[in-house]
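Descriptive analysis of the structure
Chain residues, written in single-letter form:
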Amino acid sequence: DTAVSQTPKYLVTQMGNDKSIKCEQNLGHDTMYWYKQDSKKFLKIMFSYNNKELIINETVPNRFSPKSPDKAHLNLHINSLELGDSAVYFCASSNRESGYGYTFGSGTRLTVV
Amino acid sequence: GQQVMQIPQYQHVQEGEDFTTYCNSSTTLSNIQWYKQRPGGHPVFLIQLVKSGEVKKQKRLTFQFGEAKKNSSLHITATQTTDVGTYFCAGRTSQGSKLTFGTGTQLKVEL
């Protein structure tokens, strides 16, 4: 049973296109996150949702829009893709109050050409 | 904003040698976590340290949290090829606040 699952695993698309990445967790966690990992391996938080409510919104272009239909799902929609958006995007989940470790999905490697 | 730096950025060792990565935060932390990411994989939670001066061990891995709660270290004794990957520390300034990841240390182990 996959704890945090992301789809798709790979995404190759042209500049200017719109794409979505989906994430689901079956751990019963109340908080979900999107992280971006660049080519230098830096992991940077983008968004965080707690029980469907947006609680962290880092300095991310408006072209990125997260949506959480319920606390088990957090999707990421990206409009007008740019070359600089190429990266690995990780979804993660945790229980916020316990402050314990995050469980990450296997990642989506986005390549914009 | 909060910054968490790790050194070294890269480390190549021969199998059997020891390895240490150091993590330094610009602000005092309430707790620190460590993650391992294998090549092509995703970060996997290893451990959390909460108390000042805390030391925890997992087999060949030893984790320390500094007295001032602004730094931490991960030491691996007698590295093996299975230890290859990038090790991240990640810290919180308070319970429930966002987790800021360190810059990571990429470890390569050669036979």
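Since we're looking at a predicted model, the values are computed, not measured.

**Considering empty space enclosed by the protein**
Residues and elements named next belong to chain A. Overall, the coordinates contain 1 cavity of 30 Å³ or more when judged by the stated rule. When its volume is computed, the largest cavity comes out at roughly 30 Å³. Every residue along the wall of the largest cavity is listed here: Asp-30, Thr-31, Met-32, Tyr-49, Asn-50, Asn-51, Lys-52, Ser-68, Lys-71, His-73 and Leu-74. Across the lining of the largest cavity, the residue classes tally to 3 nonpolar, 5 polar and 3 charged.

**Comments concerning the interface of chain A and chain B**
Across the boundary between the two partners, chain A contributes 20 residues, which contact 18 residues of chain B. In total, chain A and chain B occlude about 1800 Å² of area from one another, counting both sides; carbon and sulfur atoms represent 53% of this. Where chain A touches chain B, the interface holds 1 salt bridge. Across the salt bridge formed by Glu-58 of chain A and Lys-98 of chain B, the nearest N and O atoms sit 3.0 Å from each other. Taken together, chain A and chain B are joined by 4 residue pairs in polar contact (both at pLDDT 80 or more).

**Some points on the side chain of Thr-86 of chain B**
By secondary structure assignment, the location of Thr-86 of chain B is in strand S9 (residues 85-92). With near-sequence residues (within four places) excluded, Thr-86 of chain B lies in contact with Lys-41 of chain A together with Tyr-35, Lys-36, Gln-37, Gly-104, Thr-105 and Gln-106 of chain B.

Reading the values: rules and limits
Residues numbered from 1 in each chain as written. Chains lettered and ligands numbered in written order. Predicted model: local features only at pLDDT ≥ 70, side-chain atom pairs only at ≥ 80, totals over all residues. Heavy atoms only, no water. 1 Å grid on protein atoms, 1.4 Å probe; cavity = no way out; pocket = protein on both sides within 12 Å on 5 of 7 lines; lining within 4 Å. Points joined across faces, edges and corners; volume = space filled by probe spheres on them. Nonpolar A, V, L, I, M, F, W, Y, C, P; charged D, E, K, R; others polar. Contact = heavy atoms within 4.5 Å. Buried area = accessible area lost by both parts, 1.4 Å probe. Salt bridge = Lys/Arg side-chain N within 4 Å of Asp/Glu carboxyl O. Polar contact = N/O pair within 3.5 Å; in protein donor to acceptor, adjacent residues only side chain to side chain. Helix = DSSP H or I, 4+ residues; strand = E, 2+ residues; numbered from the N terminus.

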